[in-house]
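# Reading the structure
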Amino acid sequence: DGIRANATVGLTTDFYSGRIFNRLAFVDLRNYLRIRKYSAFATRAFGFISSGEEPQRIYLGGSWSLRGYDRREFYARKVLLFSNELRFPLIDNLFIGFPFGPVGFQAIRGALFFDAGSAWNDDFDRFYGSFGFGARVALGYMAVLRFDFSKKTDFQKLEPGMKFDFFFGW
């Protein structure tokens, strides 16, 4: 439950000549709404813009941003991303038997998601979207395994097939 917000403004300049190499701004707003004890609805709005002689570009796509698209599929100076995710319990305790003893996994969580975003340099083209479902398995306090199945859309038609993403991290 709660809100997380990050707003950043940056300026890269040469103090001797007064030249501005890069101006950037980004906002990352997240809201978590508790539905039940172990269920929540998470929303995210992210925007990034950079200009100047040497503008910074960022990537969009992959498990941490626009799911269903390849990691780093988009690379641009302007980015918008909107994400919605319903998080819920899937399996509380799972034990797998081995000859040396059982291995247990706890708190396997499910997710239903919808993402929409775009990345461009000069003229805005269009939004890209994806939706799908996934599972998250906590490995201790710091690491997690994420499995996502997603379907891409351009908001006029669905692309054929499902995309599978696997992520190991925090």
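Residues numbered from 1 in each chain as written. Predicted model: local features only at pLDDT ≥ 70, side-chain atom pairs only at ≥ 80, totals over all residues. Heavy atoms only, no water.

Turning our attention to the pairing of strand E9 (residues 143-153). E9 sits mainly inside the fold: eight of its 11 residues count as buried. With 11 bridges connecting them, strand E8 (residues 128-139) and E9 associate as antiparallel partners. Bridge pairing in E9 places Val137 opposite Leu145. With antiparallel pairing between neighbouring strands as the criterion, E8 and E9 make up a hairpin whose turn holds three residues, including Gly140 at a positive phi of roughly 80 degrees. Note: E9 against strand E10 (residues 163-169), seven bridges, orientation antiparallel. Bridging across to E10, Arg146 finds its partner in Phe167. (Buried < 20%, exposed > 50% of the residue type's maximum accessible area, 1.4 Å probe, protein only. Helix = DSSP H or I, 4+ residues; strand = E, 2+ residues; numbered from the N terminus. Pairing = 2+ DSSP bridges.)

The eight strands are arranged E1-E2-E3-E6-E7-E8-E9-E10 in an open sheet whose pairing can be described as antiparallel. The sheet terminates laterally at strand E1 (2-13) and E10, the two strands that pair on one side only. The sheet shows a mean angle of 15 degrees between the axes of neighbouring strands, taken without regard to direction. (Axes fitted to C-alpha atoms, helices over the stretch in contact; angles between N-to-C directions.)

Bringing the packing of aromatic side chains into the picture now. Counted according to the given criterion, the structure contains 16 aromatic pairs. Seen in terms of ring centroids, Tyr69 and Phe74 are 5.7 Å apart; in terms of plane orientation they differ by 55 degrees. Their pairing is tilted. Judged by relative accessible area, Tyr69 falls into the buried class, the value being 3%. Taking the centre distance of 4.9 Å and the plane angle of 90 degrees together, the rings of Trp120 and Phe124 count as edge-to-face. Among the residues examined, Trp120 registers a relative accessible area of 15% and is labelled buried. (Phe/Tyr/Trp six-rings, centres within 6.5 Å; stacked < 30°, edge-to-face > 60°.)

All right, on to the side chain of Arg30 then. Assignment of secondary structure puts Arg30 in strand E2 (residues 20-36). In terms of polar contacts, Arg30 uses its side chain to reach the side chain of Asp28, at 3.0 Å. Setting aside its immediate chain neighbours within four residues, Arg30 contacts Gly2, Ile3, Arg4, Thr43 and Arg44. (Polar contact = N/O pair within 3.5 Å; in protein donor to acceptor, adjacent residues only side chain to side chain. Contact = heavy atoms within 4.5 Å.)

Attention now goes to the confidence of the model for the chain. Predicted confidence across the chain gives a mean pLDDT of 92, with 100% of residues reaching 70 or more. Within the chain, E10 has the poorest average pLDDT of any element, 88, and strand E3 (residues 39-51) the best, 97. (pLDDT = per-residue confidence, 0-100.)

A contiguous nonpolar surface patch, about 780 Å² in accessible area, is contributed by Leu112, Phe133, Leu139, Phe149, Met162, Phe164, Phe166 and Phe168. Listing elements by their share of the nonpolar patch, those giving two or more residues are E8 and E10. In terms of residue count, E10 provides more of the nonpolar patch than any other element does, three residues in total. By the element assignment, Phe133 lies in strand E8. (Patch = residues over 30% accessible without salt bridge, like charges linked within 9 Å, V, L, I, M, F, W, Y side chains within 5 Å. Areas by Shrake-Rupley, 256 points an atom, 1.4 Å probe, with all protein chains shown as cover. Salt bridge = Lys/Arg side-chain N within 4 Å of Asp/Glu carboxyl O.)

As a further point, take the pattern of salt bridges. Side chains that differ in sign of charge can pair as their charged atoms come close. According to the stated counting rule, one finds 16 salt bridges in the structure shown. Close ionic contact of Arg44 with Asp28 constitutes a salt bridge, the shortest N to O distance being 3.1 Å. Here Arg44, found in strand E3, pairs with Asp28, found in strand E2; they are 16 residues apart in sequence, far enough to count as distant. Each member of the pair, Arg44 as well as Asp28, is classed as buried. A cluster of three or more residues bridged by salt bridges with shared partners is formed by Arg67, Glu85, Arg87, Asp115, Arg136, Arg146 and Asp148.

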